[in-house]
Amino acid sequence: MGSTIAAHLANVGVPTVLLDIVPKEPNDDERKRGLGLDSPEVRNRFARTGLERAVKAQPAAFYSPDRAALVTTGNFEDHLDLIRDADWVIEVVVEDLAIKRDLLARVEARWKPGMIVSTNTSGLPVAAVAEQSGEEFRAHFLGTHFFNPPRYMKLLELIPTPHTHAWVTEAVAGWGERLLGKGIVYAKDTPNFIANRIGTYGMLKAIHLMVDLGLDIDEVDELTGPILGRPRSATFRTGDLVGLDTLLHVASNSHRNLPEDEERGIYVPPAILTEMAKRGWLGEKTGGGFFKRQDGDILTLDYRTFEYRPRKRLSTGALEAAKTIAEPNKRVAALLAMDDKYGEFLRRLTGAVLVYAARRIPEISDDVVNVDRALRWGFGWDQGPFEQWDALSAVGAADRLLPPGEEMPEVLRQVRERGAGAWYRDGADGRTYFDLQSATYLPESGLEGRILLPHLKSLGRAVEGNAGASLIDLGDGVACLEFHSKMNAIGEDILVMTRRALERVRSDFDALVIGNQGSDFCVGANLMLILMEAQEGNWEDLDLVVRQFQGATMELRRSVAPVVAAPFGRTLGGGVEFCLGCTHIQAAAETYMGLVEAGVGVIPAGGGTMEMTKRVAAAAPEDSSADLLPLLRKAFETIAMAKVSISGEDARRLGYLRPSDGVTVNGDLLLSDAKAAALALVRGNYRPPQPGLIRVIGSRGFAAIESLLYIMRTGGYITEHDIVVSRKLGYIMCGGDVAEGTRVSEEYLLDLEREAFLSLLGMPTTLDRIRHMLQTGKPLRN
């Protein structure tokens with residue numbers, strides 16, 4: 001955790017010192033090189049190797065590998081004085097109270113007024129860690145519980161002690177939210193705080209119910225994944241990712257420190273877990289846990305025999321019927337109503353978690369908001385327990401969650417008797433929640449400065465729309481074009497609304513933002529429709545579709561009003577081309593951006609190839625004779641190899657973002673930042689760029705690309721079809737069969753794009769690749 005927290009601080013530009021203990025002795029490699037304990041290489045080994053692991057981590061801990069230069073490594077014995085210049089010191093050592101206190105005493109000896117110190121303990125009492133420290137030091141001390149991996153997990157639990165100054169908590173919350181992109185949850189100083197307390201209870205309860213009802217591990221994961229509003233990793237896959245040792249640590253900590261908990265017995269590790277731990281089956285870190293990979297297949301543990309078997313897919317009539325229900329609350333209600341052991345499992349599990357969470361108020365939190373946020377941000381639930389109670393109450397399904405004869409928890413009774421029967425209410429000024437202390441509905445805090453598209457639409461701010469997209473008034477003269485097709489794939493509906501949006505902006509608005517709040521910005525064009533048209537030989541229709549796509553992105557480029565794209569998550573193929581056509585890109589830090597068309601045997605034909613070629617030419621001064629070939633080769637390889645960025649900053653390295661484009665670390669603020677960028681362009685009297693000619697490298701560049709392709713094919717790195725695709729791509733990016741230095745128009749390159757795209761669609765190998773992608777979600781190399 002220490003090295004990956006340091007990595008994320010470096011991600012946002014904060015110079016960070018990473019210190020660890022000194023090894024007891026040199027390792028074998030160090031001895032062979034004649035190094036002793038006096039060698040800095042030996043003494044700094046633990047911190048250095050931690051940083052090296054962070055650099056190599058998958059998924060990547062750093063936004064870009066070069067950010068590792070912001071991390072300085074050292075050790076506690078030689079370099080602890082370096083903390084004297086720090087604003088924030090985070091202790092992330094082993095979960096041992098004595099060790100933490102010893103280190104904290106050494107930190108206090110170097111402490112200066114204003115320095116904030118926090119412990120990243122996941123279970124020890126925060127106040128106890130610092131209880132031997134001085135009064136002023138304790139006033140600057142609190143708990144900061146990052147979730148692993150810190151870059152990707154949104155949750156940051158803050159645990160102030162009774163001694164912590166309010167401004168200290170506020171400062172760390174500000175750093176966490178705006179600087180590190182975290183969702184802040186305020187927890188009380190109780191064992192395992194909020195997320196792990198309830199999330200681990202839910203996981204252990206699922207195991208007990210599985211055994212009681214005779215379910216299998218893969219069946220439970222089918223039931224507790226996306227269909228229930230939980231992450232794809234569900235229950236047991238999450239256990240493998242987190243590690244069985246971590247799960248057992250949290251469970252034993254809860255059992256040891258919660259003698260008054262009415263469900264304390266749940267925290268006694270089930271026999272299945274203790275047997276797995278005895279065998280060393282701890283999850284991904286040991287090569288196997290509840291699941292393991294073998295010869296490319298995923299096997300499931302049979303906990304009755306402790307043998308692995310092929311994974312089975314759970315399918316019943318009632319379950320398949322529930323999967324077809326689009327509205328989450330009605331889908332879950334249908335699952336709870338199933339009259340079989342699977343329905344019983346879900347009723348008992350969902351009800352138990354809700355009742356347990358309700359009984360933890362006010363023990364772990366004074367309000368339900370922090371509990372719901374902790375489970376959404378820390379465990380990836382679509383809704384927290386109290387939000388789910390409201391959703392199920394709305395469809396008459398909540399009461400079946402209470403076990404027969406079970407007394408309703410006090411807080412549930414209060415919201416029914418003293419409130420409006422629901423924990424949350426939506427109004428014109430935003431969402432309010434039922435506050436148990438005042439018995440009134442209060443505004444939900446922490447939403448300031450956020451744009452929530454569903455809320456705006458509920459207020460009637462959708463200007464117009466169709467099945468694929470909507471135009472929403474964001475206020476202050478800015479409109480938002482929101483994609484909402486399946487996976488936000490671009491089809492005719494989105495192209496039509498793009499043209500309508502630009503027309504409305506010309507007459508009624510000052511600027512346009514293209515953004516949404518789905519799971520991904522846009523996965524590209526609708527491949528199924530393209531495949532169907534190609535299989536039917538509807539070439540004229542396909543030609544028209546490509547022209548419409550190119551026309552839409554060109555209209556974005558030439559819009560009289562500024563257009564700002566706000567990509568996040570997967571932004572692929574046509575989604576990238578939409579962004580490339582915009583005046584400005586305000587990308588989320590977690591943006592995975594790539595022109596991936598080569599992976600299915602075609603080339604970007606919505607203006608993406610043209611724009612990347614144009615950017616190569618623009619990199620050299622107009623009157624310069626600089627050789628464009630190195631720049632062209634980099635751009636060509638980016639597209640031909642279907643490279644996808646590992647972050648928003650990495651998208652800049654690949655050329656998808658310009659130096660002037662922005663990156664927002666906290667995704668909740670992305671649309672607000674995009675709107676601010678649009679208004680800044682308006683205030684700057686934005687004028688659209690005038691079309692110009694693009695200098696191309698011509699035949700010399702194409703010859704160089706063909707040489708590169710020959711070397712790659714000879715080495716077995718690419719297939720024959722890859723050569724066909726790449727030759728067409730290279731021909732476009734070099735400007736065709738023209739002399740070096742020739743200047744061509746944007747329309748000329750668009751024509752080459754369209755011609756190449758359609759010709760590749762006519763090849764059986766390309767259609768095979770598209771079919772494979774649609775069936776598996778993965779590219780086929782043939």
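Up top you'll find the structure we're talking about.
A brief look at the structure comes next. Fair warning: this is a prediction, and the values are worked out from it, not measured in the lab.

1. Considering the overall build of the chain
Reasoning step 1: When its secondary structure is counted, the chain shows 33 helices and 24 strands.
Reasoning step 2: Taking 782 residues into account, the globule formula puts the C-alpha radius of gyration at 28 Å, and the chain, at 28 Å, falls close to it.
Reasoning step 3: Overall size of the chain, expressed as C-alpha extent along the three principal axes, is 80 × 70 × 60 Å.
Reasoning step 4: Residue pairs at least 24 apart in sequence account for 69% of intrachain contacts in the chain once pairs closer than 6 positions are excluded.
Reasoning step 5: As displayed, the chain has an accessible area near 33,500 Å², and 52% of this comes from carbon and sulfur atoms.
Reasoning step 6: For the chain, the distance from the average position of its 89 positive side-chain charges to the average position of its 106 negative side-chain charges is 2 Å.

2. Re unusual backbone geometry
Reasoning step 1: Between Gln58 and the following residue, Pro59, the backbone shows a cis peptide bond with an omega angle of 0°.
Reasoning step 2: By the secondary structure assignment, Pro59 is in the loop between helix H4 (45-56) and strand S2 (71-75).
Reasoning step 3: The linkage connecting Ile361 with the following residue, Pro362, adopts the cis geometry, with an omega of 5°.
Reasoning step 4: By the secondary structure assignment, Pro362 is in the loop between helix H17 (341-359) and helix H18 (368-379).

3. Quick notes on the packing of aromatic side chains
Reasoning step 1: Across all of its chains, the model carries 17 aromatic pairs by this definition.
Reasoning step 2: The interplanar angle of 55° and the centroid separation of 6.5 Å between the aromatic rings of Tyr201 and Tyr267 together place this pair among those described as tilted. You can see Tyr201 sitting in helix H10 (residues 195-213) and its partner Tyr267 sitting in the loop between helix H13 (244-257) and helix H14 (271-279), a full 66 residues away along the chain. As far as burial versus exposure is concerned, Tyr201 and Tyr267 are alike and both buried.
Reasoning step 3: An aromatic cluster is defined as three or more aromatic residues linked by ring pairs; in this entry it consists of Phe483, Phe521, Phe549, Phe568 and Phe578.
Reasoning step 4: The positively charged end of Arg360 is found above the aromatic ring belonging to Tyr356, 4.4 Å away from the centroid.
Reasoning step 5: Just above the ring of Tyr441 sits the side chain of Arg425; from NZ or CZ to the centre is 3.9 Å.

4. What about the sheet that holds strand S9 (residues 297-302)?
Reasoning step 1: Strand order in this open sheet of 3 strands is S8-S9-S10, and the pairing throughout is antiparallel. Both outer strands of the open sheet, strand S8 (291-294) and strand S10 (307-310), are each paired with one neighbouring strand and no more. Ignoring strand direction, the axes of neighbouring strands in this sheet form an average angle of 45°.
Reasoning step 2: Pairing analysis gives 4 bridges linking S8 to S9, with the strands arranged antiparallel. Bridging across to S9, Phe291 finds its partner in Thr300.

5. Some words on the sheet that holds strand S15 (residues 469-475)
Reasoning step 1: Spatially, S14-S15-S16-S17-S18-S20-S22 is the arrangement adopted by the 7 strands of the open sheet, whose pairing is mixed. Each edge of the open sheet is held by one strand with a lone partner, namely strand S14 (462-465) and strand S22 (662-664). On average, each strand axis in the sheet is inclined to that of its neighbour by 20°, with strand direction left out of account.
Reasoning step 2: Of the strand pairs in this sheet, S15 and strand S16 (residues 478-483) are connected by 6 bridges, and their pairing is antiparallel. Opposite Ala469, over in S16, you have Phe483 as the bridge partner.
Reasoning step 3: Packed onto the sheet, helix H29 (residues 670-683) meets S15, S16, strand S17 (511-514), strand S18 (563-565), strand S20 (584-588) and S22 and runs at close to 165° relative to S20.

6. Some points on the side chain of Glu30
Reasoning step 1: Along the chain, Glu30 falls in helix H2 (residues 28-32).
Reasoning step 2: On the basis of relative accessible area, Glu30 is assigned to the buried category, the value being 2%.
Reasoning step 3: When neighbours within four sequence positions are excluded, Glu30 is seen to be in contact with Leu35, Glu41, Val42, Arg45 and Arg48.

7. Quick look at the nonpolar core
Reasoning step 1: Counting 107 residues, the largest nonpolar core has Ile272, Phe345 and Trp423 as its most contacted members.
Reasoning step 2: No other element matches the 11 residues that H17 contributes to this core.
Reasoning step 3: Of all hydrophobic cores here, the second largest spans 104 residues; its members include Leu474, Ala635, Ile718 and Ala756.

So, how was this worked out
- Numbers given to residues run from 1 along each chain, matching the order in which its sequence is written.
- Only residues with pLDDT of at least 70 get local features here, since the model is predicted, and only at 80 or more are side-chain atom pairs given and counted; chain-wide, interface and lining totals rely on the full set of residues.
- With hydrogens and water set aside, each side-chain value is computed from the structure's full complement of heavy atoms.
- Numbering of helices and strands starts at the N terminus; helices are DSSP runs of H or I of at least 4 residues and strands are runs of E of at least 2.
- Atoms considered for the radius of gyration are the C-alpha atoms alone. The globule rule reads 2.2 Å times the number of residues to the power 0.38.
- Here a residue-residue contact requires only that any non-hydrogen atoms of the pair lie within 4.5 Å.
- Method for areas: the Shrake-Rupley scheme with a 1.4 Å probe, in which residue coverage is limited to the protein chains shown.
- Neither His nor the chain termini are counted; the positive set is Lys and Arg, and the negative set is Asp and Glu.
- Where a charge sits is defined by one atom per residue type, namely NZ (Lys), CZ (Arg), CG (Asp) or CD (Glu).
- For this analysis, a ring pair means two rings from Phe, Tyr or Trp (six-membered ring only for Trp) whose centres lie within 6.5 Å, classed as stacked if their planes differ by under 30 degrees, edge-to-face if by over 60, and tilted for the remaining angles.
- For the exposure calls, accessible area comes from a 1.4 Å probe over protein chains only, and a residue counts as buried if that area is under 20% of its type's maximum, exposed if over 50%, partly exposed in between.
- Think of it as a cone above the ring: NZ of Lys or CZ of Arg counts as a charge over the ring if it is within 6 Å of the ring centre and within 35 degrees of the ring normal.
- Pairing between strands is defined by DSSP: at least two bridges between the two strands are required.
- A fitted line through C-alpha atoms serves as each axis, taken over the contacting stretch for helices, and the angle formed by two N-to-C directions is quoted from 0 to 180°.
- Only buried residues count toward a nonpolar core. Its members are Ala, Val, Leu, Ile, Met, Phe, Trp, Tyr and Cys residues joined through side-chain atoms within 4.5 Å.

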